[in-house]
Amino acid sequence: LARAALTLYAEQGFEQTTAAEIARAAGLTERTFFRHFADKREVLFYGTDAVRDLMMRAVADAPRTAGAMDTVGLVLRSVGTVIQEGGDLARVRAAVVSATPELRERELVKLAEFAEAMAGALRARGVAGPAASLAAETGLAVYKVAFARWASEPGQSEFPLVLQECLAELRDVLAGRQPSPA
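Computed from a prediction, not measured in an experiment: that's the story for all the values here. (Residues numbered from 1 in each chain as written. Predicted model: local features only at pLDDT ≥ 70, side-chain atom pairs only at ≥ 80, totals over all residues. Heavy atoms only, no water.)

As for the side chain of Thr32
Relative to the helices and strands, Thr32 is located in helix H3 (residues 30-36). Of note is the side chain of Thr32, whose polar atom sits 2.9 Å from the side chain of Thr29. (Helix = DSSP H or I, 4+ residues; strand = E, 2+ residues; numbered from the N terminus. Polar contact = N/O pair within 3.5 Å; in protein donor to acceptor, adjacent residues only side chain to side chain.)

Looking at the packing of helix H5 (residues 68-86) against helix H8 (residues 129-152)
Helix packing for two helices is described by the angle between their axes and how far apart those axes are. At a minimum axis distance of 10 Å, the contact between H5 and H8 shows a crossing angle of 35°. In the packing of H5 onto H8, the handedness of the crossing is right-handed. Along its contact with H5, which presents Ala68, Met69, Val72, Leu76, Val79, Ile83 and Gln84, the element H8 presents Ala135, Ala136, Thr138, Gly139, Val142, Tyr143, Phe147 and Trp150. (Axes fitted to C-alpha atoms, helices over the stretch in contact; angles between N-to-C directions. Left-handed = near helix turned anticlockwise from the far one by under 90°. Contact = heavy atoms within 4.5 Å.)

Quick notes on the nonpolar core
The biggest cluster of nonpolar side chains holds 37 residues, and the ones touching the most others in it are Met118, Leu122, Tyr143 and Phe147. Going through the elements one at a time, helix H4 (48-61), H5, helix H6 (88-98), helix H7 (101-124), H8 and helix H9 (159-174) are the ones with two or more residues in this core. Per element, the largest residue contribution to this core is 10 residues, and it comes from H8. For Leu122, the residues in contact, after removing those within four places along its chain, are Val59, Ala68, Thr71, Val72, Val127, Ala132, Ala135 and Ala136. Grouped together as the second largest cluster of nonpolar side chains are 18 residues, Ala2, Leu8, Ala23 and Val96 included. (Core = buried A, V, L, I, M, F, W, Y, C linked by side-chain atoms within 4.5 Å. Buried < 20%, exposed > 50% of the residue type's maximum accessible area, 1.4 Å probe, protein only.)

A closer look at the environment of Ala151
Note that Ala151 resides in helix H8. Considering only alpha carbons, one finds Ala151 and Ala94, 57 residues apart in sequence, at a separation of 7.3 Å. The contact partners of Ala151, leaving out residues within four places of it in the chain, are Arg91 and Ala94.

A few points about the packing of aromatic side chains
Think of a pair of aromatic rings as described by two things: how far the centres are apart, and how the planes are tilted against each other in angle. In total, this model carries 9 aromatic pairs according to the counting rule given. Seen from their ring centres, Tyr9 and Phe14 are 5.0 Å apart, and the 65° between their planes marks the pair as edge-to-face. Residue Tyr9 shares its accessibility class with Phe14, and that shared class is buried. Centroid distance Trp150 to Phe159: 5.1 Å. Interplanar angle 40°. Geometry classified as tilted. In this structure, Trp150 and Phe159 share a single accessibility class: buried. Members of the aromatic cluster, each reached through a chain of ring pairs, are Phe33, Phe34, Phe37 and Tyr46. Between Lys40 and the ring centre of Phe14, over which it is positioned, the NZ or CZ distance is 4.5 Å. Here the guanidinium or amino end of Arg93 rests over the ring plane of Phe45, the centre of that ring lying 4.9 Å away. (Phe/Tyr/Trp six-rings, centres within 6.5 Å; stacked < 30°, edge-to-face > 60°. Lys NZ or Arg CZ within 6 Å of the ring centre and 35° of its normal.)

The structure is reproduced here in structure tokens:
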């Protein structure tokens, strides 16, 4: 269903695609579609809970000696690996989301929820409140920049590597060094 939906969204646009068309393209009934998804928007966000759970596990599994940003780096590497496995579907999803204001808004809400959850997990590890929030929000900013870079350049390196490059650039910026040109 997700693959069929993304294909149709890319071909004819999100607004112009119906749940019935998605089901038909997947060789299923519309009723089956609605057993899996509340609406056609949910196809684009169905993995949100799994990614949030992955993030929480990555925070919990980080070495106790890891600082807040090192822990966030481990979280990003875990998420980056999952996104990389989706490959072109992740790029198509990004294009569909960015083309629709309602979906862009939903994406921002999702990212805010990720930041809040990661900050809570960092606080549970003993990172002070403001530092946990700063690390989580900064990590999501790095994620957004890295994903935009990776999604817009299909020949780009693997996503986890792009994330690591962006983290290194952030460290350079914070240290007052001029980042190397990309």
